[in-house]
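In case you want the letters, here they are:
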Amino acid sequence: MEPRSRGAAPGGVSVSAVLPAGGSGERLGGATPKQFCAVQGRPLVSYAVRAMERISWISDIVVVVSPENIETMKTIIEKYGHKRVTVVEGGITRHRSIFNGLKVFAENEFSSHLLQKPEVVIIHDAVRPFVEEDTVSKVVMAAKEHGAAGAIRPLVSTVIASAADGCLDHSLERARYRASEMPQAFLFDVIYEAYQQCTDYDLDYGTECLHLALKYCKTNAKLVEGTPDLWKVTYKRDLYAAESIIKDNLSQQVCVITNVKETLAQVGFLLPESLKSQIKVEVTSISLSKNDRCLQNIISGQCYNFVCVNDKRWAIQETQELVDMLEKSNIPLLYPVVLILVHLDIPEKNSFSIGMEDLTMIKKFARETKKKNILVYGLLIQYK
C-alpha cells in the first residue's frame, strides 16, 4: 500500500490530515499505549499513517503524540519509510492534542517548520487502521460543501440512561441515533476557529470535534454513512481482530509469474484456474525484468503473494531482480511478502538432483530476503 504520485483532491481542494496518537490506552491494559502495540510485527499507528499516506492528494500528515513518545514515533517513521509526516507534541487531552496538530498549519511560533495551511483538514484516530480512500473522499467532499463532515455507523446496542438510584431512567430509540466514527473533515478555518474559541472545559472534557464546529462556528456537519471497517482498536481483543483482518486481506490476491516458454506458460495458467474460485489471481507470462511495466503495476496494486514458475536451476538471478523490485516499491515495509519459487524439472532436459551446494545457496538467499520482510519458499516439480 504505497503512496502513488500526487493526484488531485476531491473538488480540487488542498487537503492535509491530523492523527491524534497521544492516548495512554488504559482500556487496553498493559504498559504500551495501544497505538504503539504491534500487529503483525508493526505498530498500529503505522497502519493508520499508511492509510492516509497512500492517498496521493493528502499533502501533509501530522501525528500528535505525547512528549515521552516523540522519539518512538520518529523511529517508526524512519523504520517504515513514511513520507509527508510531521510529529507534533500533544496536550494532556484529546482536544488539546488535536489543537496542537492544527497549530502547525497556522502558528509559526508553535513549530520550527510551518506547514502550508490546507483548505480542508482530516482528523482521524491513529488507532483506526482500516479506512479506504473512498470513505475519506466522501467526507472531504461533504466538508467542502457543508464546512464539516464525519463518518457515522448504526448503533450496535441500545443506549440507556440510569437514574441517581442506579435504576433505568430512560432509553433512546436506537433507529434515530448513530455512532460517530472517524474520519472527520473540516474546512480548516472553521475547525481552527472553533478550537480558538473553546473553553477550557471543552478542551479538557470534550471528545467530539463535530460538536465544537457546531457550538462555536454554527457549522452543522454533514453525516456520511461509513463502512464496517471504521472501528477503533480499544481493547486487547481488538488487536487480535485487527491481525485477523490483515491476514485475510493479504491472502486475497496472488500473482503467478512464468517466463515466455510455452511449457511454463501452460503450467502457469493451470495454477490460476485452480485458484481463481478462492482468490484474485493476476497472471503474467514474462521474463523477469526491472523494467516490466505489467509486473510493476501488479506490485503497486497491493499484491503480497507471488508464485514464480521457471525451468532454470533455481533462477536465483531472476528471482533477485524480483526481490529488488519489491524492495524498491517499499511494500515489504508494510506487510510480509510471500515469494514461492516453483522449479519445473522437465524430462527432455538434463534432469538433476539437488545437492548440498544448491541447498546452501537457496537457504542463504532465503535468509537474506527474510531480513527485508520477504519470505522465500522453494518447490521442485518433476513435470512430464
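Being a predicted model, the structure only gives us computed values, none of them experimental.

## Structural notes on the confidence of the model for the protein
Part 1 of the argument: Taken as a whole, the protein shows an average pLDDT of 84; of its residues, 82% reach a score of 70 or greater.
Part 2 of the argument: The least confident element of the protein, judged by mean pLDDT, is helix H9 (residues 262-275) at 64; the most confident is strand S6 (residues 120-123) at 98.
Part 3 of the argument: Per-residue pLDDT stays below 50 along residues 1-5; that stretch engages in 20 contacts with residues further than four places along the chain or on separate chains.

## Section: the packing of helix H3 (residues 94-103) against helix H5 (residues 188-197)
Part 1 of the argument: Where H3 contacts H5, the two axes come as close as 10 Å, and the packing angle between them is 130 degrees. Classified by the interaxial angle, the pair formed by H3 and H5 is oblique. Here H3 and H5 pass one another in a crossing that is left-handed. For the pair H3 and H5, contact is made by His95, Ile98, Phe99, Leu102 and Lys103 and by Phe188, Ile191, Tyr192, Tyr195 and Gln196, respectively.
Part 2 of the argument: Classifying every residue of the contact of H3 with H5 by side-chain character gives seven nonpolar, two polar and one charged.

## Quick word on the pairing of strand S10 (residues 178-187)
The side chains of a regular strand alternate between both faces of the sheet.
Part 1 of the argument: One ladder, built from four bridges, connects S6 with S10; its direction is antiparallel. Directly across from Val120, in S10, lies its bridge partner Leu187.

## A closer look at the environment of Asn310
Part 1 of the argument: The residue Asn310 is located in strand S14 (residues 305-310) in this model.
Part 2 of the argument: It is 6.2 Å that separates the C-alpha atoms of Asn310 and Thr258, two residues lying 52 residues apart in sequence.

## Regarding the environment of Tyr335
Part 1 of the argument: Considering the arrangement of structural elements, one finds Tyr335 in the loop between helix H11 (316-329) and strand S15 (337-345).
Part 2 of the argument: Residues Tyr335 and Gly41, spaced 294 residues apart in sequence, show a C-alpha to C-alpha distance of 8.9 Å.

## Thoughts on the state of the cysteines
Part 1 of the argument: Enumeration over the complete set of coordinates arrives at zero disulfides.
Part 2 of the argument: Between Cys198, a cysteine without a disulfide, and Cys217, which holds the nearest cysteine sulfur, the sulfur-to-sulfur distance is 9.2 Å.

## What about the sheet that holds S10?
Part 1 of the argument: Spatially, the seven strands line up as an open sheet ordered S5-S4-S1-S6-S10-S7-S11, and their pairing is mixed. Edge positions in the sheet fall to strand S5 (85-89) and strand S11 (222-225), since each has one partner strand and no second. Each adjacent strand pair in this sheet contributes to an overall mean axis angle of 25 degrees, direction not counted.
Part 2 of the argument: Judged from the five bridges that link them, strand S4 (residues 58-65) and S5 form a sheet pairing that is parallel. Note that in S5 the partner of Ile61 across the bridge is Val85.
Part 3 of the argument: Lying on the sheet, helix H2 (residues 70-79) is in contact with S4 and S5; it crosses S5 at an angle near 175 degrees.
Part 4 of the argument: Sitting on the sheet, H5 is in contact with S6 and S10, with an inclination near 110 degrees to S10.

## A short note on the packing of H5 against helix H7 (residues 209-217)
Part 1 of the argument: Relative to each other, H5 and H7 sit at 80 degrees, their axes nearing to 9 Å. Relative to H7, the element H5 lies roughly perpendicular. Facing H5, whose interface residues are Val190, Ile191, Glu193, Ala194, Tyr195 and Gln197, H7 presents Cys209, Leu212, Ala213, Tyr216 and Cys217.
Part 2 of the argument: Of the residues that constitute the contact of H5 with H7, the class distribution is nine nonpolar, one polar and one charged.

## Examining the pattern of salt bridges
For side chains bearing opposite charge, pairing can occur when the charged atoms are close.
Part 1 of the argument: Evaluation of the coordinates by the stated rule reveals 13 salt bridges.
Part 2 of the argument: Two residues, Glu53 and Arg50, come together in a salt bridge whose shortest N-O distance is 2.8 Å. Of the two residues, Glu53 and Arg50 both sit in helix H1 (residues 44-53), three residues apart, roughly one turn of that helix.
Part 3 of the argument: Glu53 gets classed as buried once you look at its relative accessible area, which sits at 0%.
Part 4 of the argument: Using a relative accessible area of 1% as the deciding quantity, one classes Arg50 as buried.
Part 5 of the argument: Of the charged contacts in the structure, one is a salt bridge between Lys372 and Glu327, with a shortest N-O distance of 3.4 Å. Taken together, the positions of Lys372 in the loop between helix H12 (356-370) and strand S16 (374-382) and Glu327 in helix H11 put the pair 45 residues apart, joining distant regions of the chain.
Part 6 of the argument: Overlapping salt bridges bring together Arg94, Asp125, Arg128 and Glu181 as one network.

## Points about the packing of aromatic side chains
Part 1 of the argument: The full count for this structure, using the stated rule, is six aromatic pairs.
Part 2 of the argument: Judged by centre distance (4.9 Å) and plane angle (40 degrees), the ring pair of Tyr201 and Tyr205 falls under tilted. Linking Tyr201 with Tyr205, this pair stays in helix H6 (residues 200-205), spanning four residues, or about one helical turn.
Part 3 of the argument: Counting every residue linked through ring pairs, the aromatic cluster contains Phe99, Phe105, Phe188, Tyr192 and Tyr195.
Part 4 of the argument: Across the ring face of Tyr47, the terminal group of Arg42 is positioned such that the distance to the ring centre comes to 5.8 Å.
Part 5 of the argument: Across the ring face of Phe99, the terminal group of Lys103 is positioned such that the distance to the ring centre comes to 4.4 Å.

What counts, and at which threshold
- Think of each chain on its own: its residues are numbered from 1, step by step along the sequence as written.
- Under the rules for a predicted model, residues below a pLDDT of 70 receive no local features and side-chain atom pairs below 80 are neither given nor counted, while totals for whole chains, interfaces and linings still include all residues.
- Hydrogens and water are ignored here; the side-chain numbers use all heavy atoms of the structure.
- The pLDDT value tells you how sure the predictor is about a given residue, anywhere from 0 up to 100.
- Counting from the N terminus, the helices are DSSP H or I runs at least four residues long and the strands are E runs at least two residues long.
- Whether two residues are in contact is decided by their heavy atoms, any of which lying within 4.5 Å being enough.
- Every axis in this analysis is a line fitted to C-alpha atoms, fitted for helices over the stretch in contact. Angles between the N-to-C directions lie between 0 and 180 degrees.
- Roughly parallel covers angles under 35 degrees, roughly antiparallel covers those over 145, roughly perpendicular covers 65 to 115, and oblique covers all other angles.
- The crossing is said to be left-handed when, going from far helix to near helix, the turn is anticlockwise and less than a right angle, and right-handed when the turn is clockwise.
- Three classes are used: nonpolar for Ala, Val, Leu, Ile, Met, Phe, Trp, Tyr, Cys and Pro, charged for Asp, Glu, Lys and Arg, and polar for all others, with Gly counted as polar.
- When DSSP finds two or more bridges between two strands, those strands count as paired.
- By disulfide we mean two sulfur atoms from cysteines, separated by a distance within 2.5 Å.
- Just to be clear on terms, a salt bridge is a Lys or Arg side-chain nitrogen sitting within 4 Å of an Asp or Glu carboxyl oxygen.
- Relative accessibility under 20% of the residue-type maximum defines a buried residue, over 50% an exposed one, and the middle range a partly exposed one, all with a 1.4 Å probe and only protein chains included.
- By convention, a stacked pair of Phe, Tyr or Trp rings (six-membered ring in the case of Trp) has centres within 6.5 Å and planes under 30 degrees apart, an edge-to-face pair has planes over 60 apart, and any other such pair is tilted.
- Charge over a ring is defined by NZ of Lys or CZ of Arg lying within 6 Å of the ring centre and within 35 degrees of the ring normal.

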